[in-house]
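# Residue-level structure breakdown
Read off the chains here:
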Amino acid sequence: MGKALYLDCYLSHVFSIQIPTLHGEYLREVLESIRGQTFQDYEVVVVNSGGGFISDLIHEYGFNELRRDVKLLEARYLANNESRGDYAVLLDETRPLRKDALELLSKNLHDMVIIGERELGSCFWVEAAQLDKENIMDCNSSEAIKGFALPRLFKRGLLTSALEKLRGNLGGKFSHVVFPDHELIYYEASKVSNDVFVIRDELIYHYGDFALRGLVGKYYRYGKSLKVLRDTPYSFFLSVKRKRRSICKGGVYGRFMLYTLYLARAVPFLLGELL
């Protein structure tokens, strides 16, 4: 019996769903959305950098936990090292899945897959963020250097290669990166493969920023985190020109919403980067 359980730990799955978590506010909903998937060939690896209540929740669902107090990029590295699936799905604690997400992904397997997302909630900031997502998907290219639309599905060998490259290039700074963890991964992966597929269906939901205060605080922290890339091979990520995007949807009021959103993000971000 024990031997069978031991061997089962090393069986490969189609998907390894990797989730770094710190606060756990929406984690139950994320885990419940995974358990309810119509496609069940997966494993879940959660890197818990938060409290004991998060551990209790992970164990309740029977998923794999790594308890480590680490920053985001290192959490993704640890989750991937613990994974055994052929493909990695990069989630976080604010992104539940649509019920048929894994089933549709299993029919569209590529080295990297960009997946449509839907913001959850109804307020100005949520509606603006949703319009931004739509403009990113419909009006801008998916090239990695811009970091607009990011793959959530990676062939796991490719993800491993990208993370190891980042670890080598960043050295001791690797463990300090919070933002832009995902963009860095995509950038390195895109240097190895150009097999990027786009699924426009909104298979991932997102609990984003409902209030200006939270949005400002988050982007200030992002700006502070970005400073760690100075004097590294990724110092060009600090250029604001990289983030210029086209707007083709939303009309006059939509542009007002988007410019307000971009201003609310950009000012604290730049302050965090400069101070």
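Just above, that's the structure.
Moving on, we get to the overall build of the protein. Per the secondary structure count, the protein includes ten helices and seven strands. Computed over C-alpha atoms, the radius of gyration of the protein comes to 18 Å, within 12% of the 19 Å expected from 2.2 N^0.38 for 275 residues, which places it in the range of a compact globule. Each principal axis of the C-alpha distribution contributes one length, and for the protein these read about 65 × 40 × 40 Å. Buried residues in the protein amount to 51% of all 275 residues. A total accessible area of about 13,100 Å² is found for the protein, and carbon and sulfur atoms account for 54% of it. The positive charge centre, built from 37 side chains, and the negative charge centre, built from 35, are 6 Å apart in the protein.

We now examine the state of the cysteines. For the coordinates displayed, the defined rule picks out one disulfide. A sulfur-sulfur distance of 1.8 Å marks the disulfide that ties Cys139 to Cys248. The sign of the -65 degrees torsion about the S-S bond sets the Cys139-Cys248 disulfide as left-handed. Of this pair, Cys139 sits in helix H6 (residues 124–139) while Cys248 is found in the loop between helix H9 (212–226) and helix H10 (251–274), placing the two residues 109 residues apart along the sequence. The class of Cys139 is buried, set by a relative accessible area of 16%.

Take the packing of aromatic side chains next. Aromatic ring pairs: the centre-centre distance and the angle between the two ring planes describe each pair. Using the criterion set out here, one finds 15 aromatic pairs in the structure. Their ring planes at 0 degrees and their centres at 4.0 Å tell us that Tyr26 and Tyr207 sit as a pair that is stacked. Linking Tyr26 in the loop between strand S1 (15–21) and helix H2 (27–35) with Tyr207 in the loop between strand S7 (196–206) and H9, this pair joins segments that are 181 residues apart in sequence. Residue Tyr26 shares its accessibility class with Tyr207, and that shared class is buried. Ring pairs connect the aromatic residues Phe124, Trp125, Tyr253 and Phe256, which therefore count as one cluster.

Right, let's get into the pairing of strand S5 (residues 112–119). Taking burial as the measure, the eight residues of S5 include seven buried ones, the bulk of the element. Inspection of the sheet shows S5 paired to strand S6 (residues 151–155) by three bridges, in the antiparallel sense. Each residue of the ladder has a partner; that of Ile114, found in S6, is Pro151. Pairing between S5 and S7: eight bridges, direction parallel.

The next point concerns the environment of Gly85. Here Gly85 lies in the loop between helix H4 (72–82) and strand S4 (87–90). The exposure class of Gly85 is buried, given its relative accessible area of 4%. Residues Gly85 and Ala189, 104 residues apart in the sequence, show an inter-C-alpha distance of 18 Å. Sequence-distant contacts of Gly85, that is, excluding residues within four places in its chain, are made with Ser12, His13, Val14, Phe15, Ser16, Glu43 and Arg156.

On to the pattern of salt bridges. This model, assessed by the stated rule, comprises 20 salt bridges. The salt bridge involving Lys133 is made with Glu119; its shortest N-O contact spans 2.6 Å. One end of the pair, Lys133, is in helix H6; the other, Glu119, is in strand S5, and 14 residues separate them in sequence. Each member of the pair, Lys133 as well as Glu119, carries the same accessibility label: buried.

Strand order in this open sheet of seven strands is S3-S2-S1-S4-S6-S5-S7, and the pairing throughout is mixed. On the outer flanks of this sheet lie strand S3 (64–67) and S7, each paired with one strand and no other. Going across the sheet, the axis of each strand differs from the next one's by a mean of 25 degrees, ignoring polarity. Helix H7 (residues 156–170) contacts S1, S4, S5 and S6 of the sheet and is inclined by roughly 100 degrees relative to S6. Sheet strands touched by helix H8 (residues 181–190): S4, S5, S6 and S7. Its angle to S6, the strand with the most contacts, is close to 45 degrees.

Turning our eyes to something else, we now look at H7. For H7, spanning 15 residues, the distance from its first C-alpha to its last is 21 Å, which sits close to the expected 21 Å at 1.5 Å a residue. Taken together, the buried positions of H7 are Arg156, Leu158, Leu159, Ala162, Leu163, Leu166 and Leu170. The arc enclosing the buried residues of H7, seen along the axis, measures out at 155 degrees, which places them on a common side. For H7, exposure combined with an orientation more than 90 degrees from the buried face picks out Gly157 and Gly168. Buried residues along H7 sit in contact with S1, H4, S4, S5, S6 and H8.

So, how was this worked out
- Residues numbered from 1 in each chain as written.
- Predicted model: local features only at pLDDT ≥ 70, side-chain atom pairs only at ≥ 80, totals over all residues.
- Heavy atoms only, no water.
- Helix = DSSP H or I, 4+ residues; strand = E, 2+ residues; numbered from the N terminus.
- Rg over C-alpha atoms; globule rule 2.2 N^0.38 Å.
- Buried < 20%, exposed > 50% of the residue type's maximum accessible area, 1.4 Å probe, protein only.
- Areas by Shrake-Rupley, 256 points an atom, 1.4 Å probe, with all protein chains shown as cover.
- Lys, Arg positive; Asp, Glu negative; His and termini not counted.
- Charge placed at Lys NZ, Arg CZ, Asp CG, Glu CD.
- Disulfide = S-S within 2.5 Å.
- Phe/Tyr/Trp six-rings, centres within 6.5 Å; stacked < 30°, edge-to-face > 60°.
- Pairing = 2+ DSSP bridges.
- Contact = heavy atoms within 4.5 Å.
- Salt bridge = Lys/Arg side-chain N within 4 Å of Asp/Glu carboxyl O.
- Axes fitted to C-alpha atoms, helices over the stretch in contact; angles between N-to-C directions.
- Expected span 1.5 Å × (residues − 1).
- Arc of directions from axis to C-beta.

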